[in-house]
Amino acid sequence: ADVAGAHARDVETQEKYGVDYKHYWVDEKAGKIFCLVDAPSAEAAAQVHREAHGLVADEIFEVSEG
């Protein structure tokens, strides 16, 4: 429920930074959360997290489809 709430706050905040938080996954056993986000930069993605709820990623990886 906490993660769902944080994701909802991301979605509320994302537009002002040109970011689209698409989906998230939780690995409860490892204590990790993964987000899929389309953003103009890693900093823009991180800024949404900072502003929305204060939780920031330990690492951000750029990926491409295919």
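Every value quoted in this text rests on a predicted model; they were computed, and no experiment measured them.

What counts as what
Counting of residues starts from 1 at the beginning of each chain's written sequence and follows it residue by residue. Selection of residues for local features in this predicted model requires a pLDDT of at least 70, selection of side-chain atom pairs for listing and counting requires 80 or more, and totals for whole chains, interfaces and linings are taken over all residues. Hydrogens and water are ignored here; the side-chain numbers use all heavy atoms of the structure. At least two bridges found by DSSP between two strands are what make those strands a pair. Secondary structure elements are taken from DSSP: a helix is a run of H or I of four residues or more, a strand is a run of E of two residues or more, and numbering for both begins at the N terminus. When a carboxyl oxygen of Asp or Glu lies within 4 Å of a side-chain nitrogen of Lys or Arg, that pair is called a salt bridge. We call a residue buried when its accessible area falls under 20% of the maximum for its residue type, exposed when it is over 50%, and partly exposed in between, using a 1.4 Å probe and counting protein chains only.

Chemist: Can you lay out the pairing of strand 2 (residues 32-38) for me, pointing to particular residues and giving the numbers?
Modeler: As judged from the seven bridges shared by strand 1 (residues 20-27) and strand 2, these two strands associate in the antiparallel manner. Within the sheet, the bridge partner assigned to Tyr21 lies in strand 2 and is Val37. As consecutive antiparallel partners, strand 1 and strand 2 are separated by four residues, and within that stretch Gly31 has a phi angle of approximately 70 degrees, a positive value.

Chemist: Can you explain the pattern of salt bridges? Please cite residues and give values.
Modeler: Enumeration according to the criterion identifies three salt bridges in this entry. Across the salt bridge formed by Asp20 and Lys22, the nearest N and O atoms sit 3.0 Å from each other. A salt bridge links Arg50 to Glu43, with the nearest nitrogen and oxygen atoms 2.2 Å apart. When its relative accessible area of 36% is taken as the criterion, Arg50 is described as partly exposed. Accessibility expressed as a relative area gives 48% for Glu43, which makes it partly exposed.

Chemist: Now, about the environment of Ala4: what can you tell me, with residues and values included?
Modeler: Residue position: Ala4 is located in helix 1 (residues 2-13). Given the relative accessible area of 35%, Ala4 is considered partly exposed. Ala4 sits 19 residues away from His23 along the chain, and the two C-alpha atoms are 10 Å apart.

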